[in-house]
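One-letter residues, chain by chain:
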Amino acid sequence: MTDTNTTRRDVLKGAGGLGAAGLTGLAGCTGGGGGEGGGSVEVLHGWTGGDGETAADALTEAFNEEYPDTGLDMNPIGGGGNENLDAVVANRLQNDDPPSTFANWPGPNLARYEGVLGDVSDLWEEAGFTDSHVQEAVDLHQYDGTFRAVPLGSHRLNCLFYNTSVVEEAGVDPDSLDSVSALVDALETVSTETDAVPMTHGASGTWTTTQLFGVTLLGTAGYDGYMNFVEGSPSRDDVQAAFESLATIFESYINDDAASIGLTESNQNIIDGNAAFIHQGNWAAGAYRNAEDFEYESDWGFKAFPGTEGMYTLHFDSFLFPANNPTPENTRTWLEFVGGEAAQVAFNQYKGSIPTRTDVDMSEFGPFLQETAEDFADADRRPPNIQHGLGITADQRSSLNDVISGEFSGPYDVEAATDGFVDAVSS
Amino acid sequence: MREFLSTARSRLRRAAGRDAGSDGDAERADGDGDSALATDGGTAEAGADVAPAGGTDGLLDRLDDRFGEDFTESAPFWLPPFLLVGLFVYGAIAWNFVISLTEYKGFVGPDYSDLDLDMYVRAVGDSAVIDATVNTFVLVVAFTIVALVIGMLLAILVDQKIRFENTFRTIYLLPMSLSFVVTAQFWLWMYNFNNGVVNIALGAFGIGPVDWIGNPQIVLWAVVFALVWQFSGYTMVVYLAGLRAIPTEHYEAAKVDGASTAKMYWRVIVPQLKGSTISAAIVLMVFALKAFDFLYSLVSGYRPPNGADILATKMVREAYSTNNWAYASAIAIVLFLMALSIIGPYLYYEYDKGNL
Amino acid sequence: MAQLELDAVRKVFTDDDGSDIVAVDDVTVDIEDGEFLVLVGPSGCGKSTTLRMVAGLETASGGDIRLGGRSIVGQKPQDRDIAMVFQSYALYPHMTSRENMSFGLEESTDMTDEEIDERVQNAAELLDIPELLDRKPAELSGGQQQRVALGRAIVRDPEVFLMDEPLSNLDAKLRSQMRTELQRIQEDLDTTTVYVTHDQTEAMTMGDRIAVLDGGELQQAGTPLECYHRPANRFVAGFIGEPSMNFFDATVRGDRLVADRFEYGLREAAVNDVAGAEGVTLGIRPEDVEVTPGTEPADDNEFATVVDVVEPMGNENAVYLGFGADPTDPFVATVGGMRRVEAGQRVIARFPPDAIHLFDATTGEALHSRSLEDADPAEPRI
Amino acid sequence: MSDATVDDADATGRTERLGDRLRAELEALDAARVGVYAALFALTAFYLTPIESGLVSAFKTNPAGISSTLPFAPPPLRFFTLEKWRTAITALGRGMVNSALYAVPATIVSALLGSFAAYGLTQADWRARYKAPVLAMLVAGIFIPYQAVLVPLSQFWGAIPLRQLLTPLWVLGVPSAYTGIVELTITHVAYGIPICMVLFRSYYRNLSEEMVEAARLDGATFRRVYRRIVFPVSTPMFAVVLIYQFTQIWNDLLFALILVSTESSPAAPVVLILAGLGESMEGQDFALRMAGAFVAALPTLIVYIMFGEEFADGVAT
């Protein structure tokens, strides 16, 4: 089996070389062969629009500047969240035609790629990543004790954003909200005092709800209760309490069209002043930055999701290293670059995320991200998220989303959803 | 006349390269001439006479003896397509079944040495699969029935000797030429919560707005409605052909018997459309099973709107989103069995009618 | 040219439920070289199946078919050097008449295009259709299509022509015209021909010999007049002739036949022929019944009858007669078209003793045929 | 002069006749007739509304035009734009080429093979009890849900070194993603055969049996009979099958999704690109979606409008 693989790859490589020699500039075959393990590094990622695209462009530029001799073939695959990207990766891995590297999440998420990821422990060692990155990154990029990927940046997930003028109109002080029940009270106040939607939600996909469940559980059950859930021994009462809070919010305080809109439209409600609060990862701030006349603190604000103060729900954007790599040496070059300061600064400032390195000068970042980086550094706890791969496996995540789809998308069956969630993660 | 004919015959013979001789001579000459003429026949005859033992000819003859005269001669026509279909359809289904018995997931090839029914056990206990099965059933049945009824009404209306019949027919069948993907775009916009035609139209009557796609209780029916829009024209065409096949005398006889128009259709015409109904229903059910394309396009992703997950979408999601190949294969087998429960009786019905 | 022999040919179809249906049973006919044989019989009698077995379109279940002394059973149709004219003509709709006629030569010979062209041209002239050669079948009338179909068979110059009711799709006038023409062409080409029809006029007028089939079995093979005047059995007697022969069941009492309604005196020759038979069927052709006005029968070959219905047919009248006053079960007599006969009229019907046929009532086999004083049945003169 | 008079008389005669006919028709319009036409027009509105609403929306600006006008109203001038069409054509253009690259050959080959199979299974004389299962399997092939074969199909195409076999193409500069187009072609051929076979079969069963027999007696072999008689005679059916099959293949998403995977691929067919069009980080762009829908539907719409009868024949069988 390995033999045929090698053959096919060799042929492809040959074809690529020929293509490069004769017909440079044609997709898929371009790039200058750079000696052993050479050929362009083919990078699959899903940043095809908006700030993601800008960030990816910045990343490409930075790479070409630093490694002008190494070919880079950025292959963005958009659509459906990261679904299409994942499908393409899956297809190519299954056909034994892996790309050089692809963007994905580390942590238990790596389990789905069991058997097809290569070892980059030596790289971590040589580049000193184990020292320069936060401990969680060091832990979560290993699978079976060896490093499989390199992080590029981190988003924060336990965020609550608000439209300043709406909360002021309602007379709510967001910073005073320190528990989920306080949040619910504040939503009630917004609902009675203003015409705005208290909390905007875009549930056309299930992932936003699963993600909201994550922070709600963290907010109600605390770090330990949350970690029990993530680690496979959930307390049914904790889960139920979280769902009850969610049900209260969904039944009374979200927008009418929540079920048919996505994150983008939902977030637009904050920008337009149609809604008071939204929970999202901090990528939501990218849209605020791009909106005209919508400034941090004067127009929109941020606080940690009520009850999760002092914590930073962790997320990583990383590049995974497939075994049978078509360009092993150049891929390593790419990964070393990704984990370095230049790449992390270039990418994250546009993406709205923060570096995973602890030694990065944040001066080029905006005030919001600087604040986020401080929170990150100061956080007491950095629990892994559940919807974006760090806390649970892909299978479990899929089961959770099935449960949300089946039991918790209106009407909200707290009992059934609780049972479903507990079953899904219990080991 | 006779002279003319005999000269004609002589000319014919000359054309065939023979001398015109006396009748007797001509007759004798016939034998040679004919074998020279029918070269193919001659060779085949010789072959048959010698009856070679064992050779390919013998094998082919034996095959023909067993399966029928033209078996080997027609094989080049039906065998390649049959093998292609056999490999890609039936071979694939068999392989799919074997995969469903493994534990295959992720990217390390299936282990065929350890086969069991675990995936089926898991499917039976998976509430998402059960929901999807129920949704599939509801979708198939509701869609088929509604499309049949609407299609029949359309056909009867169009069959009223109306003017511009072709134009009406063309319009009603138009959506059928669109792909599921295109239809999904149109109906996503039709069902838009804030500014879709449906909600605006209902709003005129003080109803709504209704969250057609977002409400899990409604979305399946909204999907059915959109699919009916797309395919009722197809049913119309099938029924129209059926109606046109009924002799006018039947209408006239019913009229003479004093039946009202409604009675006439209900008692005389509709019962004669049984064949059309069966063939249309089968095709509609198959379309319904293919609703994957539509649901995928609604959300541009593997997870359809809540409440609209069917086996087709669940299977593809399990396979290509979470890479649970074996589990997806097991779901595919369930779906296949559902399809089989529809087509099995249909094929038997066709066989019974002598159409197979 | 060659002799075609059918030797105990059988065809058995297996029904859906597994039961066997015998379509053709032990048919044996020898068709002489150049002979025109008409296979005739009611529909479903197996005549078409027999023809198709000769063509190779059906496989014989038993027996042998020999062409020029060589068995052709097991050969594919295209290898038999046989041409067939179909009822529907079966012209290739996308080809011109010329292409239709060339097709067989192109497929079965290695003649050059020029040779083929010449043959087609000759055949077209023979059939008087050269001007139709570049038209497609859809642009031809039924009669013209028929000629093209014929031409397609002729150009092949085959061992045997097979014709399956080739005239049945033509209107009456064209049909009789084509009948004559076909006969002439066959006579001239002198090709062995098997012609299937259910139309007994065609059978009588066209064939050198006719073979009458019923229920898959050969009833009689002989010249048309033989079959007409010396039918081998009651079926042939009834099938050949229009209107059909009249039949009366009777028993033999010495030199008399006793039927339900009448008694009939037999001549000596007839008495000898029926010796030993108990039940017989008396047959008499309508044209042999002599009808004279009157009420009193002169002898035991005459009967008092009443005219029930008269069907005028121009040249003759079919007169339905009932015995006595009873109009049920009438029998038919034909009388000259100029004679005036009216329903209800009382007439004397005479069955001339030399014109009667007698058949065994159980087997239907002919026991006695009419005498032919002025004609030798073996050498019919028309 | 006299001619002119005649013409005039003719003209008046014609008008009168037309008037008479109209009057007669109006008189014939009783309540039931009115009801029938009312229903027909209401249904016309039902079938055309989604298309009309999509068409007008495709000319509107997003989000301003889309959200501030009625969805079925034509765009007022200030919201009118052709930009969405431009974007859609740019986005879908390569997809149209890709779709055609497999839809056209797959249509032709599956129609041919379907015709072969139908001929071999209708006109050939071999035992029904052996023929029936072959037929049944081919007919049942129409109704198999694609899901039942997807996983093995991925496995199969993954195991076949197709990319290796097609190396000459890549050397010529064709992106290697076009392997997916070849896979799609072969897959669609295999899955298209059953329906093509059934369509041809119903046609061949009605062919004159005597015509085929005549050809065989004329000395043509089974193969020659197809080549010279059956194939030319089935031209009308080929029109029907090609049109139907082209629409089906062009419109199918699932195989394209599985074998090409992503609209980002250079080989992405039009349906795949359309499925993800107008949905991005900036939100749903319905105007773009509608423009894209029309662009993607264009080939099948053209086929439908030009060959409506054949299309109807195809679906009715």
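Keep in mind that this is a model prediction, so the values were computed, not measured.

Peer 1: Tell me about the interface of chain D and chain B, and name the residues and values.
Peer 2: In this complex, chain D contributes 102 residues to the contact, which on the side of chain B involves 97 residues. Contact between chain D and chain B buries roughly 9,000 Å² in total, counting both sides, with carbon and sulfur atoms accounting for 72%. In terms of surface lost to chain B, no three residues of chain D exceed Y47, F143 and Q147 of chain D, which account for 9% of the buried area on that side. Linking chain D to chain B there are one salt bridge. Put simply, E73 of chain B and R216 of chain D hold a salt bridge, and the shortest N to O gap is 3.0 Å. Seen at the junction of chain D and chain B, the total is 29 residue pairs in polar contact (both at pLDDT 80 or more). By residue number, the principal contributor to the side of chain D that touches chain B is helix 2 (residues 31-57) of chain D, which donates 17 residues. Residues belonging to the side of chain D that touches chain B are distributed by class as follows: 71 nonpolar, 19 polar and twelve charged.

Peer 1: Hey, could you go over the pairing of strand 1 (residues 41-45) of chain A for me, with residue numbers and the actual values?
Peer 2: All names here are of chain A. In terms of residue burial, strand 1 counts as a mostly covered element, since five of its five residues are buried. The two faces of strand 1 match: V41, V43 and H45 on one face and E42 and L44 on the other face are all buried. As judged from the five bridges shared by strand 1 and strand 2 (residues 72-76), these two strands associate in the parallel manner. Its bridge partner being in strand 2, L44 is matched across the sheet by N75. In this fold, the crossover linking strand 1 to strand 2 by way of helix 2 (residues 50-66) has right-handed handedness. Bridging between strand 1 and strand 3 (residues 101-104) involves two bridges; their strand directions are parallel. By the bridge assignment for strand 3, V43 is matched with T101.

Peer 1: Please provide a residue-by-residue account of the packing of aromatic side chains, values included.
Peer 2: Evaluation of the coordinates by the stated rule reveals 95 aromatic pairs over all chains. For the pair W47 of chain A and F347 of chain A, a centre-to-centre distance of 4.7 Å together with 55° between the ring planes defines the contact as tilted. Pair noted here: W47 of chain A is in the loop between strand 1 and helix 2 and F347 of chain A is in helix 14 (residues 341-351), with a separation of 300 residues, a long-range link. Given the relative accessible area of 11%, W47 of chain A is considered buried. For F347 of chain A, a relative accessible area of 0% puts it in the buried group. Members of the aromatic cluster, each reached through a chain of ring pairs, are F77 of chain B together with F116, Y119, F200, Y203, Y204, F222, Y226, F231 and F238 of chain D. Across from the ring centre of Y92 of chain C, 4.6 Å away, lies the NZ or CZ of R152 of chain C, which sits over that ring.

Peer 1: Can you lay out a nonpolar patch on the surface for me, pointing to particular residues and giving the numbers?
Peer 2: A contiguous nonpolar patch, built from F137, V141, I145, V149 and L153 of chain B and spanning about 460 Å² of accessible area, is present on the exposed surface. As for its position among the elements, V141 of chain B is in helix 7 (residues 127-158).

Peer 1: Give me the sheet that holds strand 1 (residues 4-14) of chain C: which residues, what numbers.
Peer 2: All names here are of chain C. The antiparallel open sheet is built from four strands, whose spatial order is 2-1-4-5. Bordering the open sheet on either side are strand 2 (20-31) and strand 5 (70-71), each of which pairs with just one other strand. Bridging between strand 4 (residues 62-67) and strand 5 involves two bridges; their strand directions are antiparallel. Residue L67 lies in a different strand from strand 5, and its bridge partner there is R70. Across the sheet, helix 1 (residues 47-55) touches strand 1, strand 2 and strand 4, and the angle it forms with strand 1 is around 115°.

Calculation notes
- Counting from 1, residues in each chain are numbered in the order their sequence is written.
- The lettering of chains begins at A and the numbering of ligands begins at 1, in the order of writing.
- For a predicted model such as this one, the threshold for reporting local features is a pLDDT of at least 70, and the threshold for listing and counting side-chain atom pairs is 80 or more; totals across whole chains, interfaces and linings nevertheless cover every residue.
- Only hydrogens and water are set aside; all other atoms, that is, all heavy atoms of the structure, feed into the side-chain values.
- Here, two residues are considered to be in contact whenever any of their heavy atoms come within 4.5 Å of each other.
- Buried area is understood as the total, over both parts, of accessible area removed when two parts are fitted together, assessed with a 1.4 Å probe.
- Salt bridge criterion: a side-chain nitrogen from Lys or Arg within 4 Å of a carboxyl oxygen from Asp or Glu.
- Under the rule applied, a polar contact is a pair of N or O atoms within 3.5 Å (in protein, one hydrogen donor and one hydrogen acceptor; residues adjacent in sequence only if both atoms are side-chain atoms).
- Counting from the N terminus, the helices are the DSSP runs of H or I reaching at least four residues and the strands are the DSSP runs of E reaching at least two.
- Amino acid classes used here: Ala, Val, Leu, Ile, Met, Phe, Trp, Tyr, Cys and Pro are nonpolar; Asp, Glu, Lys and Arg are charged; the rest, including Gly, are polar.
- Three exposure classes are used, based on accessible area relative to the maximum for each residue type with a 1.4 Å probe and protein chains only: buried under 20%, partly exposed in between, and exposed over 50%.
- Two strands pair if DSSP finds at least two bridges between them.
- Seen with its strands pointing away from the viewer, a crossover is right-handed if its path from the first strand over the helix to the second goes clockwise.
- Two rings belonging to Phe, Tyr or Trp (six-membered ring only in the last case) form a pair when the distance between their centres is within 6.5 Å. Interplanar angles under 30 degrees mark stacking, angles over 60 mark edge-to-face geometry, and anything in between is tilted.
- Charge-over-ring placement is defined geometrically: NZ (Lys) or CZ (Arg) within 6 Å of the ring centre, and within 35 degrees of the ring normal.
- Residues forming no salt bridge and having over 30% relative accessible area are the ones grouped into patches, like charges within 9 Å of each other and nonpolar side chains (Val, Leu, Ile, Met, Phe, Trp, Tyr) within 5 Å.
- Method for areas: the Shrake-Rupley scheme with a 1.4 Å probe, in which residue coverage is limited to the protein chains shown.
- Whenever a helix is involved, its axis is fitted only over the stretch in contact; in every case the axis is a line through C-alpha atoms, and angles between N-to-C directions fall within 0 to 180 degrees.

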